[in-house]
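In case you want the letters, here they are:
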Amino acid sequence: MNQPIVSVPLWISREPHSGTSRILKGCFRPANSVRIIRSDWELELASGFKFRPVSQIKTDPETPLEMDSNLRIGFIGAGNMAYGIAKGLLQSGDVPPTSVKVSAPSARNFVRFQLGVAVTHSNEEVIHSCNLVFVAVKPHLVAAVLGVITKYVTQKHIIVSVAAGVTLVTLEGLLPTGSVVLRLMPNLPCLVQQGALLFSRGTHAQPEDGALLRSLLQPCGLVEEGPEAWIDIHTGLSGSGVAFVYLFAEALAEGAVKMGMPSALAHSIAAQTVLGAGQLLRDSGKHPAQLRSEVCTPGGTTIFGLHAMEQGGVRAATMTAVEIATERARDLGRKPSHIATDNRK
C-alpha cells in the first residue's frame, strides 16, 4: 500500500555540510530514506538533512504563523516597552495570556498589566517557566539581572534584550556559551501597536529564531531585521525620533495658538496632521520630498512656511539630533565595567 504524502512546506534547519538554513517547499512521501524522529516536529533524511514543519516558522510576513503551543513568553521588567510588546502579542490572539509571565520588583509595575498574564517578583521564576524571555530593564541593570538568571539559562531559551546600547557581544558574555540571544530596539508607539522595531541576531541565533521573533512582534507594528550596527542608528532615528516628532507637533500647535486658535483644538489638529502625514508617507511609497512638493503651489502658503523652516535650520537640526542620539546609544554600548562582566560557563 502506498504511504501517505506529507504535503507541507518544510524548513531545513541544518544542512550537513554548509551549516546554513534554507526553505524547501513541496510534497514528501516517507520512504526508507526518511525516518521520523518526532512526528510533530522533525524529519531527518538519511543524508543528514533535518526538516521542521514550516508552520512553526514565519517565512512570509503576510502569512500568519501557527504558534507552538509549548511556547512560553516571559518579560523581565514591566516598563513601557514590555507592556507595549505584551499588549501586541496578546491582541494578535496567537499567544494566550496563560502563556505569558512578567516579573518586576514592585507591585506598582503590574497595575497596567491587567491582561490576564501571570506576574511575579522573581526573575528566576520567569526563566524557569518560559523559553522566550524579553529582558526589558534599564541598560545599567542588565549585568545584575543576567548575573542572577544566567545559571538557569539553557540552549533551549531564546533571550531577547531591549536594553539600549547593550551589544550582542556584551549580552553573550553575560550568558552561558552557546546561548541564543537577539537584540531588539522597539519604540514608544508599540503601546498602540504602531511601533517601529528592529532586531539583530546573535552568534548562535538561527534564521528560524529571527523568524519566530518577527512573527510574534508583527502585531506591534513594523518589524525588520538588520545588522547590529543599525540598531544604534534605529535608536536615534525611531527610538528618540518619536520625541523629535512630538516636539515638532508641539511647535505646530503653538504656532496655531499664537495665531488665535484654542490650545486644545490646535493640539488635536496637530496630532491628526502628524498621523495623517505619516500614514500617507508610509502607504504611498513616495519619497518625502515628492509628497512635500505636491503640497506646495507657486507663491502659496506652504512654500513661504517651508522657506521660514529652512531659514530656522530645521533640516540640519533634525539630522544633527539623529546623529547625536545615535552616538549616545553607541556610547552606552562601549562596555562600562559594570556591564562587561563575563559569566560564561
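Up top is the structure.
Treat the numbers as computed from the prediction; the structure is a model and nothing was measured.

(A) Representation of the packing of helix 6 (residues 229-239) against helix 7 (residues 241-258) within the structure. Running from amino to carboxyl end, helix 6 crosses helix 7 at an angle of 20°, the nearest separation of the two axes being 5 Å. Classified by the angle their axes make, helix 6 and helix 7 are roughly parallel. Between helix 6 and helix 7, the contacting residues are Thr235, Gly236, Leu237, Ser238 and Gly239 on the first element and Gly241, Val242 and Phe244 on the second. Here the residues of the contact of helix 6 with helix 7 sort into three nonpolar, five polar and no charged.

(B) Fine view of helix 7. End to end, helix 7 covers 26 Å across 18 residues, agreeing with the expected 26 Å (1.5 Å per residue, within 8%). Listed in full, the buried residues belonging to helix 7 are Gly241, Val242, Ala249 and Ala253. For helix 7, the buried positions fall inside an angular range of 120° around the axis, keeping them on one side. In helix 7, the exposed positions that point more than 90 degrees away from the buried face belong to Leu247 and Lys258. On the buried face of helix 7, the contacting elements are helix 6 and helix 8 (263-284). Looking one or two residues past helix 7, Gly260 carries a phi angle of roughly 115°, positive in sign.

(C) Examining the side chain of Thr326 more closely. Turning to its location among the elements, Thr326 is positioned in helix 11 (residues 314-332). Excluding anything up to four places from it in sequence, Thr326 contacts Asp232, Ile233 and Gly236.

(D) Representation of the packing of helix 6 against helix 11 within the structure. For the pair helix 6 and helix 11, the least separation of the axes is 8 Å and the interaxial angle reads 135°. Taken together, the axis directions place helix 6 and helix 11 in an arrangement best described as oblique. Note that helix 6 runs across helix 11; the crossing there is right-handed. Across the interface between the two elements, Asp232, Ile233, Thr235, Gly236 and Leu237 from helix 6 touch Val322, Ala325, Thr326, Ala329 and Arg330 from helix 11. Considered class by class, the residues forming the contact of helix 6 with helix 11 number five nonpolar, three polar and two charged.

(E) Quick look at the state of the cysteines. Counted under the stated rule, the structure contains zero disulfides. Left unpaired, Cys190 is separated from the closest cysteine sulfur, that of Cys220, by 5.2 Å. Its relative accessible area of 0% is what places Cys190 among the buried residues.

(F) View of the pattern of salt bridges. Inspection of every chain in the model, using the stated rule, returns eight salt bridges. Of the charged contacts, one joins Arg183 and Asp232 as a salt bridge, the two residues approaching to 2.9 Å between their closest N and O atoms. Here Arg183 is found in strand 11 (residues 180-185), whereas its partner Asp232 is found in helix 6, with 49 residues between them in sequence. Here Arg183 falls in the buried class, since its relative accessible area comes to 1%. Between Glu327 and Arg330 there is a salt bridge whose closest N-O contact spans 3.1 Å. With a gap of three residues between them, Glu327 and Arg330 both fall in helix 11, about one helical turn apart. Members of the salt-bridge network, linked through shared partners, are Arg183, Glu228 and Asp232.

(G) The arrangement of a nonpolar patch on the surface in detail. Taken together, the side chains of Phe248, Leu252, Met309 and Val314 define a hydrophobic patch exposed on the protein surface, amounting to about 290 Å² of accessible area. For Val314, the position within the fold is in helix 11.

(H) Quick look at the environment of Leu197. If you trace the backbone, Leu197 turns up in strand 12 (residues 195-201). On the basis of relative accessibility, which here comes to 2%, the residue Leu197 falls in the buried class. Along the backbone, Leu197 and His234 are 37 residues apart, and their C-alpha atoms lie at a distance of 8.4 Å.

(I) Looking closely at unusual backbone geometry. Residues other than glycine seldom take positive phi values, yet Gln193 does so here, at roughly 55°. With respect to the helices, strands and loops of the structure, Gln193 is situated in the loop between strand 11 and strand 12.

Analysis parameters
- Every chain begins its residue count from 1, and numbering advances along the sequence as written.
- With pLDDT at 70 or above as the cut-off, local features in this predicted model cover only qualifying residues; side-chain atom pairs require 80 or more to be listed or tallied, and sums for whole chains, interfaces and linings still use all residues.
- Heavy atoms throughout the structure, all of them, feed into the side-chain values; hydrogens and water do not.
- Axis lines are fitted to C-alpha atoms, over the contacting stretch for helices. Their N-to-C directions set the angle, which ranges from 0 to 180 degrees.
- Secondary structure follows DSSP: runs of H or I at least 4 residues long count as helices, runs of E at least 2 residues long count as strands, and numbering of each begins at the N terminus.
- We call two directions roughly parallel when the angle between them is under 35 degrees, roughly antiparallel when it is over 145, roughly perpendicular when it lies between 65 and 115, and oblique otherwise.
- We call two residues in contact when some of their heavy atoms are within 4.5 Å.
- Ten residue types, Ala, Val, Leu, Ile, Met, Phe, Trp, Tyr, Cys and Pro, are classed as nonpolar, four, Asp, Glu, Lys and Arg, as charged, and the remainder, Gly among them, as polar.
- Under the convention used throughout, the expected extent of a helix is 1.5 Å for every residue step, that is, one less than its residue count.
- Each residue is assigned to one of three classes by its accessible area relative to the maximum for its type, calculated with a 1.4 Å probe on protein chains only: buried under 20%, partly exposed between the two thresholds, exposed over 50%.
- In this description, the arc belongs to the directions extending from the helix axis to the C-beta atoms.
- In a left-handed crossing the near helix is turned counterclockwise from the far helix by less than a right angle, and in a right-handed crossing that turn is clockwise.
- Any pair of cysteine sulfurs within 2.5 Å is marked as a disulfide.
- Salt-bridge detection follows one rule: a side-chain nitrogen of Lys or Arg within 4 Å of a carboxyl oxygen of Asp or Glu.
- The patches described consist of residues with a relative accessible area above 30% and no salt bridge, like charges being joined within 9 Å and nonpolar side chains (Val, Leu, Ile, Met, Phe, Trp, Tyr) within 5 Å.
- In these tables, accessible area is a Shrake-Rupley quantity obtained with a 1.4 Å probe, and a residue counts as shielded only by the protein chains included in the view.

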